[in-house]
Amino acid sequence: MSTPIRLQYLELKQRYPDTLLFFRLGDFYETFDDDAKTVADELQITLTSKPMGKDLRVPLAGVPYHSIDAHVAKLVGRGYRVAICEQMADPAEVKGIVPRDVVRVVTAGTVTADASLDAAAPNYLAALAVRGNDTALALADITTGEVRLAAGPEAALELVRSAPSELLVEDLADAAGEAATVLRPQMSETAAGAELARQFGEHARDAIVANRAEAAALAHLLAYLRETYAAALGSLQRVRRVSEAGLLAIDQRTLRNLDVLPQPNHQSSLFQVLNRSKSAMGSRLLRQWLTHPLRDLDALERRLDAVEWAMAHPIERERCQIVLANIPDIGRILGRLGARGAGPRDLSGLRQGLRAGLDLGMHLSGGDVPDLLRDSLRGLASAANALVTLDAALDDDPPAGFDEGGVIRPGFSPEIDSLRAMTRDARGFLLGLERLERERTGIKTLKVGHNKVFGYYLEVSSANAALVPDHYQRRQTLVGAERYVTEELKEHESRLVGARDRLVDLEKQAFGQLVESLAADLASLQSVAEAVALIDLATALGEVAQRPRLRPPALRRRPRPHHRRPPPRRRSRRRPGPLRPQRLRPR
């Protein structure tokens, strides 16, 4: 007979059979059975066992809750899928077994932990669909909210150029040897339309996609995220089409042979030579430009104008780069914001980045700024409203969590300010109580302490036990000391704990409202991140362009005329003589 927890685990494991299921038990995430053996072997942790029923012991391996991200990243990097099961209620408020459920499945294309991501490269989840003669590829980087759609011959090229971490297909023959391929069931046209409408609105089918293949590819991507990490859908705001007309067709073999991107066992690459970006956003944009070279003359000239401006204005360029050197990766912060997973420190970093964006605008506000940078200035302007919202609600230096308060700025909420003052006064009383009790009892070594198990207490050494008043209530015995409480101490502890719990709840509510307010304007904030990336890349290339022997290319609207046949090579007037025998000499 299995225990209730064992039955709860088996039910969840049956729903996620192809994953390593991390099951939350208190302060640990535990794995059982074959999962435990795999996790213990891969993570080099101890494999133990646990009784989970009459005459039943099962293998067990677990990790502390605060280190789960690093362990999951290592397992996903080795090709595993990991399901995270959380406690859905506070165990202190539940009678009987705590309800649990899987909150997300971490796969190669849905990893969000910074420790497992390359800051200079996107992490794409891709979906490929074929309908008749039409082929389409949808790509999403949930860490930034980027979504792209390619169709026709461009789909195959985009697949090899983007090198997705995970590829969804309806037929394994379409995968063409891609790693981390996931087979998905065929999706009907009705189901695809419903997925698009759910994410982008009722008219998405007509406004975003051009044929059934595009609809299926994008819908597969959305459906997969809904199954594995539904919160990430909040960061997917816009779909951008990869235009075949404006790009040069370049495949992975060409990129590899030309050493465009870093490769194992290669000392240098074009990316490493050109990458002088100060931010991760600029580095990712450079990778995008190099793997998607333009053949549109107007677009090329706009880029060259921006680089030439940065080269010709070293003072403005250096000022911009000083600002950019300290800017957080707001692109990925916005990805967490869209998934409603941003914490207080994330929003503090976002505020720093938005403020830096406005500073960039001041350095580039001259009249001779080229069109591409001027467009970026309009994108930076979107930072102003969000910055006002953040400054009004978020403390100047918020903590990472909500346990002790201090997330919300004083003056934002009168009720929060009142509770904060109450907890401050209660703490002040407890500090003063130590001095008062020493005077009352004559015990000079008496001290007030606190731990999570017993709460606040008065500690007296065993040598002074005879001086303890009768109204002291013994709470804990230690080696060489006794711990006591009084009615007065319990009353103030209750007031402090109640006020602190209420303060934490109110700060969480206010912070949640702040996140929702910012997420409502996520598309505009993503424009700020894109503008920062472009300015960073333009100034970095301007710095590179100052090197000796580098000159801007000369672009022509019409190609030079080509000969129908190659010109004849000049023949040597000297006729070859007869072959002479050569004597071979031993080495």
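Conventions used here
- Residues numbered from 1 in each chain as written.
- Predicted model: local features only at pLDDT ≥ 70, side-chain atom pairs only at ≥ 80, totals over all residues.
- Heavy atoms only, no water.
- Helix = DSSP H or I, 4+ residues; strand = E, 2+ residues; numbered from the N terminus.
- Rg over C-alpha atoms; globule rule 2.2 N^0.38 Å.
- Buried < 20%, exposed > 50% of the residue type's maximum accessible area, 1.4 Å probe, protein only.
- Contact = heavy atoms within 4.5 Å.
- Lys, Arg positive; Asp, Glu negative; His and termini not counted.
- Charge placed at Lys NZ, Arg CZ, Asp CG, Glu CD.
- Salt bridge = Lys/Arg side-chain N within 4 Å of Asp/Glu carboxyl O.
- Arc of directions from axis to C-beta.
- pLDDT = per-residue confidence, 0-100.
- Pairing = 2+ DSSP bridges.
- Axes fitted to C-alpha atoms, helices over the stretch in contact; angles between N-to-C directions.
- Left-handed = near helix turned anticlockwise from the far one by under 90°.
- Nonpolar A, V, L, I, M, F, W, Y, C, P; charged D, E, K, R; others polar.
- Patch = residues over 30% accessible without salt bridge, like charges linked within 9 Å, V, L, I, M, F, W, Y side chains within 5 Å.
- Areas by Shrake-Rupley, 256 points an atom, 1.4 Å probe, with all protein chains shown as cover.
- Core = buried A, V, L, I, M, F, W, Y, C linked by side-chain atoms within 4.5 Å.
- 1 Å grid on protein atoms, 1.4 Å probe; cavity = no way out; pocket = protein on both sides within 12 Å on 5 of 7 lines; lining within 4 Å.
- Points joined across faces, edges and corners; volume = space filled by probe spheres on them.

(A) A look at the overall build of the chain. Helix and strand content of the chain: 19 helices and 16 strands. Against the globule reference of 25 Å for 587 residues, the chain gives a C-alpha radius of gyration of 32 Å, more extended than a compact globule. With the C-alpha coordinates aligned to their principal axes, the bounding extent of the chain is approximately 120 × 75 × 70 Å. Considering the chain as a whole, with its 587 residues, one finds that 45% of them fall into the buried category. Taking as baseline every contact in the chain between residues at least 6 positions apart, the subset at least 24 positions apart corresponds to 62%. Once the 81 positive and 76 negative side-chain charges of the chain are each reduced to a mean point, those two points are 12 Å apart.

(B) Molecular detail of the pattern of salt bridges. Applying the stated criterion across every chain, the model contains 37 salt bridges. Between E166 and R81 there is a salt bridge, and its shortest N-O distance comes to 3.8 Å. You can see E166 sitting in strand β10 (residues 166–169) and its partner R81 sitting in the loop between α3 (68–77) and β5 (82–87), a full 85 residues away along the chain. The class for E166 is buried, based on a relative accessible area of 3%. Here R81 falls in the partly exposed class, since its relative accessible area comes to 27%. With a closest N to O distance of 3.7 Å, R438 and E434 form a salt bridge.

(C) Highlighting helix α16 (residues 383–393). Every buried residue of α16 is accounted for by A383, A386, L387, L390 and A393. Down the axis of α16, the sector holding all buried residues measures 145°, keeping them to one side. Within α16, the exposed residues directed more than 90 degrees away from the buried face are N385 and V388. The secondary structure elements touched by the buried residues of α16 are α14 (344–363), α15 (371–380), α18 (487–519) and α19 (522–544).

(D) Here's a closer look at the confidence of the model for the chain. Summarising the model, the chain shows a mean pLDDT of 88, and 94% of its residues fall at 70 or more. Model confidence for the chain, summarised as mean pLDDT per element, is weakest for helix α17 (residues 414–441) at 84 and strongest for helix α13 (residues 330–338) at 96. Here residues 569–573 scores under 50 on pLDDT; set against residues more than four positions off or in separate chains, the count is zero contacts.

(E) Region of the structure containing the sheet that holds strand β1 (residues 20–25). Strand order in the open sheet formed by six strands is β3-β4-β2-β1-β5-β6, and the pairing between neighbours is mixed. This sheet does not close on itself; its edge strands, each paired only once, are β3 (48–51) and β6 (100–106). In this sheet, adjacent strand axes meet at a mean angle of 40° when their direction is disregarded. Of the strand pairs in this sheet, β1 and strand β2 (residues 28–32) are connected by three bridges, and their pairing is antiparallel. Bridging across to β2, R24 finds its partner in Y29. Packed onto the sheet, helix α1 (residues 4–15) meets β1, β2, β4 (57–64), β5 and β6 and runs at close to 150° relative to β1. The strands touched by α3 within the sheet are β1, β2, β4, β5 and β6, with β5 carrying the most contacts at an inclination of about 155°.

(F) Region of the structure containing the packing of helix α5 (residues 189–200) against helix α7 (residues 212–228). Interaxial distance between α5 and α7 falls to 8 Å at its minimum, and their mutual angle equals 65°. In terms of crossing hand, the pair formed by α5 and α7 is left-handed. Within the contact between the two elements, α5 uses E189, A192, E195, L196, R198, Q199 and F200 and α7 uses R212, A215, A216, L218, A219, L222, A223 and R226. Grouping the amino acids of the contact of α5 with α7 by side-chain chemistry returns nine nonpolar, one polar and five charged.

(G) Representation of the sheet that holds β10 in the model. The strand order across the open sheet formed by six strands is β11-β10-β7-β8-β9-β12, and the pairing between neighbours is mixed. The two strands at the open ends of the sheet, each matched to only one other strand, are β11 (181–183) and β12 (240–241). Where strand β7 (residues 125–131) and β10 come together, three bridges link them in parallel fashion. Residue pairing in the sheet places L125 in a bridge with E166 of β10. In the packing of α7 onto the sheet, the strands contacted are β7, β8 (134–141), β9 (146–151), β10, β11 and β12, and the crossing angle to β7 comes to about 145°.

(H) Up close: unusual backbone geometry. Backbone geometry at D259 places phi at a positive 55°, although glycine is not the residue there. Summarising the element assignment, D259 is placed in the loop between α8 (252–257) and α9 (270–274). A positive phi angle, near 60°, is found at R340, a position not held by glycine. Within the secondary structure, R340 sits in the loop between α13 and α14. On the basis of relative accessible area, R340 is assigned to the partly exposed category, the value being 40%.

(I) Structural detail: the pairing of β7. By the criterion of burial, β7 is predominantly enclosed, with six of the seven residues buried. Relative to β8, β7 runs antiparallel, the two being bridged by seven bridges. Each residue of the ladder has a partner; that of R131, found in β8, is D134.

(J) Quick look at a negative patch on the surface. A grouping of E301, D305, E308 and D371 is seen on the molecular surface, where their side chains present a negatively charged patch. Tracing the sequence through the fold places E308 in helix α11 (residues 297–312).

(K) Fine view of the nonpolar core. Among the nonpolar cores identified, the biggest contains 69 residues, and L337, L347, L350, L354, L518 and V532 are the most heavily contacted of them. Not counting chain neighbours up to four residues away, the residues in contact with L350 comprise I330, I333, L334, L337, L390 and L518. In this structure, A127, V147, L149 and L196 belong to the second largest nonpolar core, which totals 32 residues.

(L) The arrangement of the layout of surface pockets in detail. Put simply, the largest pocket is a space of about 1900 Å³. Around the largest pocket, the lining is made up of 48 residues, and of these R24, Y29, Y65, D69 and E86 lie nearest the centre. Of all the secondary-structure elements, those providing two or more residues to the lining of the largest pocket are α3, β5, β6, α13, α14 and α18. Among the elements that take part in the lining of the largest pocket, α3 stands out by supplying five residues, more than any other. When grouped by side-chain class, the residues that make up the lining of the largest pocket number 23 nonpolar, nine polar and 16 charged. Of the volumes computed, that of the second largest pocket is approximately 1500 Å³. Looking at the second largest pocket, it is lined by 48 residues, and the ones nearest its centre are E146, R148, R240, L285 and Q288. Of all the secondary-structure elements, those providing two or more residues to the lining of the second largest pocket are β9, α4 (153–162), β12, α10 (280–291), α11, α13, α15 and α19. Grouping the constituent residues of the lining of the second largest pocket by class yields 20 nonpolar, 15 polar and 13 charged.

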